[in-house]
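Take a look at the letters that make up each chain.
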2 protein chains.
Amino acid sequence: MIHINENYQKLQASYLFANIAKRVREYQDENPGRELIRMGIGDVTQPLPEACVTAMHKAVDELTRAETFRGYGPEQGYDFLREAIAKHDFQARGADIAADEVFVSDGAKCDTGNIQELFAGDIRVAIPDPVYPVYVDTNVMAGRTGAPQDGRYPGLVYLECTPANGYVPALPTQPVDLIYLCFPNNPTGATITRAQLKTWVDYARTNKALILYDAAYEAFIRDPELPHSIYEIEGAQDVAIEFRSFSKTAGFTGVRCAYAVVPKRCMAYTTGGAAVSVRDLWSRRHTTKFNGVSYPVQRAAEAVFSPEGSRQVRGLIDHYLTNAAYVRQAFQRMGFECVGGDNSPYIWVRSERDSWGFFDFLLKEAGVVCTPGAGFGRCGENHIRISAFNSFENVQKAMQRIADALKK
Amino acid sequence: MIHINENYQKLQASYLFANIAKRVREYQDENPGRELIRMGIGDVTQPLPEACVTAMHKAVDELTRAETFRGYGPEQGYDFLREAIAKHDFQARGADIAADEVFVSDGAKCDTGNIQELFAGDIRVAIPDPVYPVYVDTNVMAGRTGAPQDGRYPGLVYLECTPANGYVPALPTQPVDLIYLCFPNNPTGATITRAQLKTWVDYARTNKALILYDAAYEAFIRDPELPHSIYEIEGAQDVAIEFRSFSKTAGFTGVRCAYAVVPKRCMAYTTGGAAVSVRDLWSRRHTTKFNGVSYPVQRAAEAVFSPEGSRQVRGLIDHYLTNAAYVRQAFQRMGFECVGGDNSPYIWVRSERDSWGFFDFLLKEAGVVCTPGAGFGRCGENHIRISAFNSFENVQKAMQRIADALKK
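Residues numbered from 1 in each chain as written. Chains lettered and ligands numbered in written order. Predicted model: local features only at pLDDT ≥ 70, side-chain atom pairs only at ≥ 80, totals over all residues. Heavy atoms only, no water.

Looking up chain A in an unreviewed UniProt entry gives the name LL-diaminopimelate aminotransferase, with the organism given as Ottowia pentelensis. Heading Pathway (unreviewed entry) of the UniProt record for chain A holds this comment: "Amino-acid biosynthesis; L-lysine biosynthesis via DAP pathway; LL-2,6-diaminopimelate from (S)-tetrahydrodipicolinate (aminotransferase route): step 1/1." Its UniProt record gives chain A the following Catalytic activity (unreviewed entry) comment, quoted word for word: "(2S,6S)-2,6-diaminopimelate + 2-oxoglutarate = (S)-2,3,4,5-tetrahydrodipicolinate + L-glutamate + H2O + H(+)". (UniProt positions renumbered as here; feature names shortened; annotations may be inferred.)

K.L.:
Explanation requested: the packing of aromatic side chains in the structure shown.
P.N.:
Aromatic ring pairs are reported here in terms of the distance separating the ring centres and the angle at which the planes meet. Enumeration over the complete set of coordinates arrives at 44 aromatic pairs over all chains. Taken together, a centroid distance of 4.8 Å and an interplanar angle of 25 degrees make the contact between A:Tyr135 and A:Tyr180 stacked. Placement of the pair is A:Tyr135 in helix 5 (residues 133-141) and A:Tyr180 in strand 5 (residues 178-182), with a sequence separation of 45 residues. Summarising the burial analysis for this pair, A:Tyr135 and A:Tyr180 share the class buried. Taking the centre distance of 6.3 Å and the plane angle of 45 degrees together, the rings of A:Tyr217 and A:Phe220 count as tilted. By the ring-pair criterion, three or more aromatic residues cluster together here, those being A:Phe90, A:Tyr231, A:Phe246, A:Phe252, A:Tyr259 and A:Phe305. A cation over an aromatic ring shows up here: A:Arg353 above the ring of A:Phe361, its NZ or CZ 4.0 Å from the ring centre. Sitting above the plane of the B:Tyr269 ring, B:Lys208 keeps its charged end 4.9 Å from the centroid. (Phe/Tyr/Trp six-rings, centres within 6.5 Å; stacked < 30°, edge-to-face > 60°. Helix = DSSP H or I, 4+ residues; strand = E, 2+ residues; numbered from the N terminus. Buried < 20%, exposed > 50% of the residue type's maximum accessible area, 1.4 Å probe, protein only. Lys NZ or Arg CZ within 6 Å of the ring centre and 35° of its normal.)

K.L.:
Teacher, can you tell me more about the pairing of strand 2 (residues 102-105) of chain B here?
P.N.:
The two faces of the sheet receive side chains in turn, since in a regular strand these alternate between them. Residues and elements named next belong to chain B. Here strand 2 shows no split at all, with Val102 and Val104 on one side and Phe103 and Ser105 on the other all buried. Note that strand 2 and strand 8 (residues 258-261) share 4 bridges and pair antiparallel. What sits directly across from Val104, in strand 8, is Tyr259. (Pairing = 2+ DSSP bridges.)

K.L.:
What exactly am I supposed to notice about helix 5 of chain A here?
P.N.:
Three- or four-residue spacings in an α-helix give side chains the same orientation, since the helix completes a turn every 3.6 residues. Burial within helix 5 of chain A is extensive, with 9 of its 9 residues counted as buried. A positive backbone phi angle near 85 degrees is found at A:Gly143, which sits one or two residues after helix 5 of chain A.

K.L.:
Would you explain the packing of helix 11 (residues 355-366) of chain B against helix 12 (residues 392-407) of chain B in this entry?
P.N.:
Helix packing geometry: the angle between the two helix axes and the distance between the axes. Residues and elements named next belong to chain B. Contact geometry for helix 11 and helix 12: axes closest at 9 Å, N-to-C directions at 100 degrees. Our classification of the angle between helix 11 and helix 12 gives roughly perpendicular. In contact with Phe361, Leu362, Glu365 and Ala366 of helix 11, helix 12 contributes Arg401, Ile402, Ala405 and Leu406. Per-class residue counts for the contact of helix 11 with helix 12 are 6 nonpolar, no polar and 2 charged. (Axes fitted to C-alpha atoms, helices over the stretch in contact; angles between N-to-C directions. Parallel < 35°, antiparallel > 145°, perpendicular 65-115°, else oblique. Contact = heavy atoms within 4.5 Å. Nonpolar A, V, L, I, M, F, W, Y, C, P; charged D, E, K, R; others polar.)

K.L.:
Got a minute to help me understand the domain arrangement of chain A in this structure?
P.N.:
A common way to state how big an interface is: give the accessible area lost once the parts meet. All names here are of chain A. Structurally, chain A comprises domain 1 (6-47 + 308-407) and domain 2 (53-306). Computed from C-alpha atoms alone, the centre-to-centre distance between domain 1 and domain 2 is 25 Å. Counting each side, the surface lost to burial between domain 1 and domain 2 is near 3,500 Å², with a carbon and sulfur contribution of 60%. Our count for the domain 1 to domain 2 interface comes out at 1 salt bridge. The salt bridge partner of Arg222 is Asp318, with a shortest N-O separation of 2.3 Å. Where domain 1 touches domain 2, the interface holds 20 residue pairs in polar contact (both at pLDDT 80 or more). Those elements that provide at least two residues to the side of domain 1 that touches domain 2 are helix 10 (307-333), strand 11 (338-340), strand 12 (346-350) and strand 15 (383-387). Counting residues per element, the side of domain 1 that touches domain 2 draws most heavily on helix 10, at 10 residues. (Domains from an automatic or database assignment. Buried area = accessible area lost by both parts, 1.4 Å probe. Salt bridge = Lys/Arg side-chain N within 4 Å of Asp/Glu carboxyl O. Polar contact = N/O pair within 3.5 Å; in protein donor to acceptor, adjacent residues only side chain to side chain.)

Pasting the structure below:
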């Protein structure tokens, strides 16, 4: 008899955004005339940068002639893209990352979901709360937790991000082996300073732990004091994997391209204590279970690093950051405490209300869709996430509607 | 201390095609002037069908305007593609598959590699020999085997495909829960009749086993008696998942699009014996660890089903089948026994020589790269796989060179 992986049955309810979509659909069925402004899911809204479009058309045309046709590419990505990434995203910032430490993929969601396969079933996993649900759910599926109790999974160490610590978690008080960090943070928009990040790298080095550093929102950092990559911290190459994406940077959420950096110096250990190259393990997984990113997509990603491409991408990010600042200031004027929105497209708004209640209030009274903080974990209660991915006009309208609804 | 998944250390050597690439590179470094004809890896060589190119350009252009821009799509694929697949690939052949049973992905390699995650760690897995290495390696990584002994993994049930059974395996003599089948087969090119396939479906139904049916080469079937889909067999929807790909059909190896069919009726069981929908499990995995296929790629795939697209694809396949028939006949004239090459792009050539020896002979004496059968499992010994993905001119030249080398 074919038996299921029963860990799947421990997963709580369904996926957060599916739940939101359901509530929105139900509301719209009941109120067909009502125009909604969606500031919930972190999906971009602006067109692709022209440089990317041009590169993609050109690459598609190459596939129309036998002489320039390309079939299977290297699973890890084409050298042209790996080299551009290593040079522009790391070496230019003083981080000594080589092209063969860059693994191109079709999404940071996939990478952050798949990476845990490389590690033992009984490692101790530390996960921020609130958190992007994929980190938790993929560890549940892999059997590293018990069944949920009061919304939390026994077996995980929760790193609480609260108003008290400025939404940057303290080091764990119990030993952990695998640590998920995300800065600029999704969902809170909080950032981490160089000194704070150094305490995590030092912790990992001392305890032979490994940090999974999700920097998908790196392009939104404008404060020159903030680190863009964990590899700007000395010693991080021994203990950290970094995830990046073109999704939010260049509007690739529908185009699909991301990458993981796994330095050659990064090690994990057998039960006997022998060091094993994590890069070699990831390479083996990547070549066995993945077949590379679409060639035209890789050319589009390469174009992000051209002079026009980087100018256009900066323009895109500027647009969203203008929205984000507007949202943050509007909520602050309405009397809410906020974090994020300056080096991040997300604004994390604190409220007296419970977060699904605030979600429903904004949906029904203002016609604005946000993301309820509780969907990201217990510490997300009494918060909502507002995303700046929208037109400036919609952002203004949404903030006005919320202000009006609160005055009712 | 961060511990590795030690199952990775059980994996034998490195991936087959990486080994071949290394031997070829070494030979070329020593013989820089020698022009090689590559008939090894199953990669297509002909340009993309024009209908797909047109659709892809159009979709890229949609991403250049805010009004038509698309960000995240549904993880399972856009309805336009899922509906086209259900209609043309299944309903048109009398198989009652609905659009919401189709899950679009970026590759059949990914799907066949990832699907085993849904099932328990202690299920009994039956895998053909010879076999596409991904089925084996992903089960090794998941810990369903011991360390290899004499080239085989304890814990797997090997379904031997030999000249004696016409390369279609017999039912296992010991109980199994998960069964990998691939027809038209990679690497052998063998096909399965309706009656033979029915014995497997009946076996699975009787034993509550599950069949993973890899039909990535379905488009090469021209014999009207052969089943294209396992769902042409009555009762298969209860016990089978089918994998398809646009890679070999429409030349998408570099473009990346495939799909899995998981019928609503397909069930697996808890240890307590309760039935669980496999479709729901796969949907949960797909939405948690994957973010959908690139939008322009999905439009290109949709175009495969248009009148022009399907005509162009048929032309592509005809081209490769002409090559395949030529290769098969040439080897038969040279005195070799062969299977495949009529409803498949692969020709499986039997030889007295050991297969890596035959590989080296063809590389060094004829300048032709094939795939050594032993790389696909013990039963691949004394065989090589020749792929028809090439120009007809190269195929003729390769066969002439091999004939000449054998006469030396």
